[in-house]
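For reference, the chains in residue letters:
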Amino acid sequence: MIKMESKFSKLFEESKFALLILAIIVAFFLIVFGITGAKVILGFILFFFLPTYLIFKNFDIEPEEKIAFSFFIGLGIFPTFVYYIGLLISSMRWSIAISFVLLLTIGIAFSKYYPKSKKDKESKEEKE
Amino acid sequence: MENKISKQEILILIIIYLGMLYLWTMPFQQQKIPYGEGDAAIHYIIADNMYVTDKPTLKLPETNPVFNFQMGNLFMPGYLFYCPQFHTNFAISEIIGGERVVPFYLYLALICTGIFFSVYILLRKQFGAATAILASFLLIFSMRDRLTYLWGQWGTAVTLLYIPIILYTYYKYTESVYNSKEKLIYLYMTYILAAMQFLFHPLGIPVVLGMILVYTVLISIKEKKLPINKTNIKHFIIGIFLFLFIICAFAPLQVPSHLGRINRDVVIGTPDQSEPSTQIKEGYDVSKFARIFKWYDFPEVFHGIPDFYFSFKNLYYGYWMLPFLILGILFLILRRKSKDLLMLSTIIAFYIIVHLDLINVYLGAKMPRLFYFESVIFYPLMAIGITSIALFIKTNDKSSKIIKWGIVAAAVIAVLLINAKPTYDQFKGAYPIPMRMDQAQFDASNWINDNLPKDAIVMYVGTPTFLNRAWMHAVSARMAVFDQNNIVPSLDKNINRTNYILMDYSLYMIIGGEQATGLISELQQWEKNNTKGSVIYDKNGIKIFKTV
């Protein structure tokens, strides 16, 4: 129980810090580029980063690697979906929405079904 | 080595990065008008076409005559020649932001400044926070990077972004093999990231491949065994297929064209003198082996980059950083840990690649463009050189840390005093009028885009510079004709081809003076003689006529 609580408080602390960083970044874009800037940076994080991060967060790699790989691969994956779905349905705007939902679903499903035994094994190795 | 990245470090990193972003976005903070060289306008046309039409660009917009004779897609003329991911991201940004200028350039700034984090990731765990932050900081003021960013060779800027991160994953994999804790994820990440890099621009691939090969040789000599063995060779082979699968599946129409270009441009043996891209510079002695000791001298011509670009003095604010570069290289040679060999392999591989002509391998007109990647090699080595000074001073652990950060602080101050001002000035004054459109030209171009039929052909009269015309054409997204050589057209041959004439007095009204007044009256005379139709737009010194 105590262990569980400390894990939660650590997670809470980390989330708070991540939110602080996000707030600083969004505030910067809002101040310098107005609402357009804020939309662009939030969209950038949401579309290019989030879906791939949901996949990479499961792997046994360093936290900064998870973030970096998610961005670098998301930059290539997301437009691929948008472009080809866009060709099929003839709408870029709808294609962005569909691609996002699709990739997010893949990310969530991957996160959920990524072999639990692997996660346990990796976290055990990490503790050692 | 301090391994865990603290919250304070992340905070400092983010603040420095936002400073970089502020500086790099100065060209469009006040003047929200597109800019760049001809390449930039072409990228804008392709990406913006997706935003304006709400459809992905499969075939190149027919409004641009440049696409008709430009070396586009080799096997499917008229079709997109860049892998679609490159331009689609710009269009996505425009759609998210809901307009055509700021989101486009903001996405560009984000990916071009991404090199800050890419280099940080490469160096942080291997060389510590001081070296990593310093290298990233130096890149803020990198003239080579900012020129690529401002001019418009944006594909190269994105491919550059991937080089450090690919090296990092490969290094992590080889380390895991030699430490008998093999982590295949890093090997597969190397291939996947290389595929992503290829999708943005293939030019980075030979560079990163060369670096990986040189590193493999060096590390194999050090460890006395190859990182490839009987058990993992299958993963190396699967990785190659994975790479090929990704690039072919993600860009099926463009990959053959890219490979065809490589086949066309790379010449082994004597280059064909009739081909501009493989012509040897007049007076250049191919057998001149003195070039072994030169960095920037190369035989090809027609690469389209000014000579200014190939000089250490010009690009690195004099020679004051050269000793640190040399010190960094010497330090790595003396220490020779595996991480040192990785960094050494970057400069060795680059040297070999840009000297391949000495063994009769000619890379064609693209070869000089490889120098775009030089900063990502030099700045980390300089940062290593600067921080290595602390290691030569014998002290205890605590004081050595203080000395190291003290040296970094001194380097930062020197950079701010020497490199920062020219950087600030260049960003602040980037593309002034008439190197970029004035507000009246931009408004008129937007009006054309919103109001004229898709097949309209507009003749520009009075628009002063080529860049003005290129960008007005890009923003209006309509076919344009103009007299290349004269502001006041001496020939009226274009009139028969157009159904609209745009009379542009805007700049001359802004600058005023005798010369401008003279030009205005010449243009008025031309207008009187040649425009018979009705005025459909008349604002801020720009008139658009519909010809009969």
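The structure displayed is predicted, hence computed values, not measured ones. (Residues numbered from 1 in each chain as written. Chains lettered and ligands numbered in written order. Predicted model: local features only at pLDDT ≥ 70, side-chain atom pairs only at ≥ 80, totals over all residues.)

A. Region of the structure containing the overall build of chain A. A count of helical and extended segments in chain A gives four helices and zero strands. Along chain A, helices (α) and strands (β) appear in the sequence α-α-α-α when read from the amino end. Split into buried and exposed, the 128 residues of chain A put 31% on the buried side. Nonlocal contacts in chain A, meaning residues at least 24 apart in sequence, comprise 41% of its contacts between residues at least 6 apart. (Helix = DSSP H or I, 4+ residues; strand = E, 2+ residues; numbered from the N terminus. Buried ≥ 20, exposed ≤ 12 C-beta atoms within 10 Å, placed from the backbone. Contact = placed C-beta atoms within 7 Å.)

B. Geometry of the nonpolar core. Core analysis: the biggest nonpolar cluster contains 187 residues, and Phe-72 of chain A together with Leu-134, Leu-138, Leu-167, Met-382 and Leu-502 of chain B have the highest contact counts within it. Looking at this core, the element that brings in the most residues is helix α6 (residues 115-140) of chain B, giving 19 residues. There are two domains that each give this core at least three residues, and those are domain 1 (9-24 + 111-428) and domain 2 (439-546) of chain B. If we skip the residues at most four places from it in the chain, Met-382 of chain B touches Leu-138, Met-321, Phe-324, Leu-325 and Gly-328 of chain B. (Core = buried A, V, L, I, M, F, W, Y, C linked by C-beta atoms within 7 Å. Domains from an automatic or database assignment.)

C. Structural detail: the pairing of strand β6 (residues 534-539) of chain B. Residues and elements named next belong to chain B. By the criterion of burial, β6 is predominantly exposed, with just zero of the six residues buried. Bridge count for β6 against strand β7 (residues 542-546) is five bridges, and the pairing is antiparallel. Residue pairing for β7: Val-535 is matched across the bridge by Phe-545. Between the antiparallel neighbours β6 and β7 lie two residues, among them Asn-540 with a positive phi of about 45°. (Pairing = 2+ DSSP bridges.)

D. Fine view of the interface of chain B and chain A. At the junction of the two partners, chain B supplies 41 residues and chain A supplies 34 residues. Sorting the residues of the side of chain B that touches chain A by element identifies α1 (7-24), α4 (84-97), α5 (102-113), α6, α8 (154-178) and α9 (184-200) of chain B as the ones contributing at least two each. Of all the elements, α4 of chain B adds the most residues to the side of chain B that touches chain A, at ten residues. Considered class by class, the residues forming the side of chain B that touches chain A number 29 nonpolar, eight polar and four charged. (Nonpolar A, V, L, I, M, F, W, Y, C, P; charged D, E, K, R; others polar.)

Distances and angles like these do not, on their own, reveal function.
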